[in-house]
Number of protein chains: 2
Amino acid sequence: MANTLYYFPPCPFSRKVRVFMREKGLDFSLVEENPWRRRKEFLEINPVSQVPVLVSDRSVIVDSQAICEYIEEVCGGEPRMGKSPYERAKVRRLVYWIDCRFYHEVTRYVINEKIAKQYTKHGSPNPNLIRASMSNLQSHVRYMEHLINTNGWLASREFTLADVALSAHISLLDYMGIFPWDLSPTLKEWYSLIKSKPSFSQILGDRIPGFSPPVHYAQLDF
Amino acid sequence: MANTLYYFPPCPFSRKVRVFMREKGLDFSLVEENPWRRRKEFLEINPVSQVPVLVSDRSVIVDSQAICEYIEEVCGGEPRMGKSPYERAKVRRLVYWIDCRFYHEVTRYVINEKIAKQYTKHGSPNPNLIRASMSNLQSHVRYMEHLINTNGWLASREFTLADVALSAHISLLDYMGIFPWDLSPTLKEWYSLIKSKPSFSQILGDRIPGFSPPVHYAQLDF
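None of these values were measured; they are calculated from a predicted model. (Residues numbered from 1 in each chain as written. Chains lettered and ligands numbered in written order. Predicted model: local features only at pLDDT ≥ 70, side-chain atom pairs only at ≥ 80, totals over all residues. Heavy atoms only, no water.)

**Quick notes on the UniProt feature "domain: GST C-terminal" (unreviewed entry) in chain A**
Then comes step 1: Mapped onto this numbering, the UniProt entry annotates "domain: GST C-terminal" (unreviewed entry) at residues 84-217 of chain A.
Then comes step 2: Between the C-alpha atoms that bound residues 84-217 of chain A there is a distance of 35 Å. The span itself is 69% helix and 0% strand. (UniProt positions renumbered as here; feature names shortened; annotations may be inferred. Helix = DSSP H or I, 4+ residues; strand = E, 2+ residues; numbered from the N terminus.)

Listed below in structure tokens is the structure:
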């Protein structure tokens, strides 16, 4: 199976798929794609110009969660979405929470206000929206800490796609130097375990033009 | 298996699960739950006070898509999420698009501005936000019409969860009398096929306090 993943370095959904595919031991090549550029050849693959997109042989699969579900179905290896229908329900519920609610209340503002405006050279960040996202982040942090304290990992005793999804969003906030680590010792410990996984190492090498990460970004012990 | 679904009549995610469970031939009882009321007994089941919630024997399953995936895994009957991993990827991708993008760009404004403000008796609808959602709706309508014209149903030649998800959102907009049927003959024909399904009939009997549906809302031929 020849796999090509179209990804964009700051995109948390691209990060989620990259880590998940490595975690599942899948070989794939990467094509960097800036979705705001709306490149003609990419629009032919995905008319809505959204990343990530997996092209697996001739099948085009759009959407990070559709890609992860597909990989979990067709690849062998350790299950990473739970071992029973009920466990999978718990993993999925958290992944949707992170990819919809956490994204819309936190990460989206950071991407739209800081990164998009830098990439497109159009406008400057609205500090009120950044402040709102940081305020929203606090209640998410408390909820995620509660889950980790209860379950060990986010959804269960096992490391699952829910952990991958959250760490993908957090890695972007951390790259931008705005994650409040001092507020969340449990999340800090959880994230340092994820940082040390071979599947995560490539993310820590990413660079976003116009933004330098803080010194601790790639340090396993931070 | 004893199944209880906590639902809220105007909630498109509750509507999606109700139709999907009937489509799969599942027996269940309904408990109406207004999530804005934050009822103590309901918070014990779901601390974030989000509907729908399925309680199946003693398992609590939160999130409409987690519920539908669970049902598809544990129930027999005709598959409604695609028959192969690749078909399932296409169905899931559209369901996420509808439940995230369509919801955040269209339905959410209608719920927050019109329905929530009526239920909570707090504030009046912001006409700019309603106008923005109606403008966003137009590009979604064009995209969905393109998909139906290409595939027959939304994701494929078969009626799937993608059709259920979209019809759940549209049924709410139609109840509120704001769906532009004259702009979309293809969607109108598609929706009238869905309206005639026994799995959908209960939705057409729903009433939302403070709002009367237009006369055509429950008519199969409209």
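**So, the interface of chain A and chain B**
One widely used convention gives an interface's size as the accessible area the parts lose upon coming together.
Then comes step 1: Each side of the interface is counted separately: chain A has 25 residues, and chain B has 25 residues.
Then comes step 2: For the pair chain A and chain B, the summed buried surface comes to about 2300 Å²; carbon and sulfur atoms form 63% of the total.
Then comes step 3: On the chain A side of the contact with chain B, Y86(A), R93(A) and Y96(A) bury the most area, a combined 23% of that side's loss.
Then comes step 4: Taken together, the links from chain A to chain B amount to six salt bridges.
Then comes step 5: Residue E73(B) pairs with R88(A) through a salt bridge whose shortest N-O separation is 2.8 Å.
Then comes step 6: Between chain A and chain B we count six residue pairs in polar contact (both at pLDDT 80 or more) in total. (Contact = heavy atoms within 4.5 Å. Buried area = accessible area lost by both parts, 1.4 Å probe. Salt bridge = Lys/Arg side-chain N within 4 Å of Asp/Glu carboxyl O. Polar contact = N/O pair within 3.5 Å; in protein donor to acceptor, adjacent residues only side chain to side chain.)

**Digging into the packing of aromatic side chains**
All names here are of chain B.
Then comes step 1: Tallied over the full model, the rule gives 29 aromatic pairs over all chains.
Then comes step 2: Taking the centre distance of 5.0 Å and the plane angle of 70° together, the rings of F13 and Y103 count as edge-to-face. In this pair, F13 is assigned in helix α1 (residues 12-23) and Y103 in helix α4 (residues 85-120), connecting sequence segments 90 residues apart. Residue F13 shares its accessibility class with Y103, and that shared class is buried.
Then comes step 3: Lying across the ring of Y109, R108 places its NZ or CZ 5.2 Å from the centre.
Then comes step 4: Sitting over the ring of F222, K188 keeps its end group 5.3 Å from the ring centre. (Phe/Tyr/Trp six-rings, centres within 6.5 Å; stacked < 30°, edge-to-face > 60°. Buried < 20%, exposed > 50% of the residue type's maximum accessible area, 1.4 Å probe, protein only. Lys NZ or Arg CZ within 6 Å of the ring centre and 35° of its normal.)

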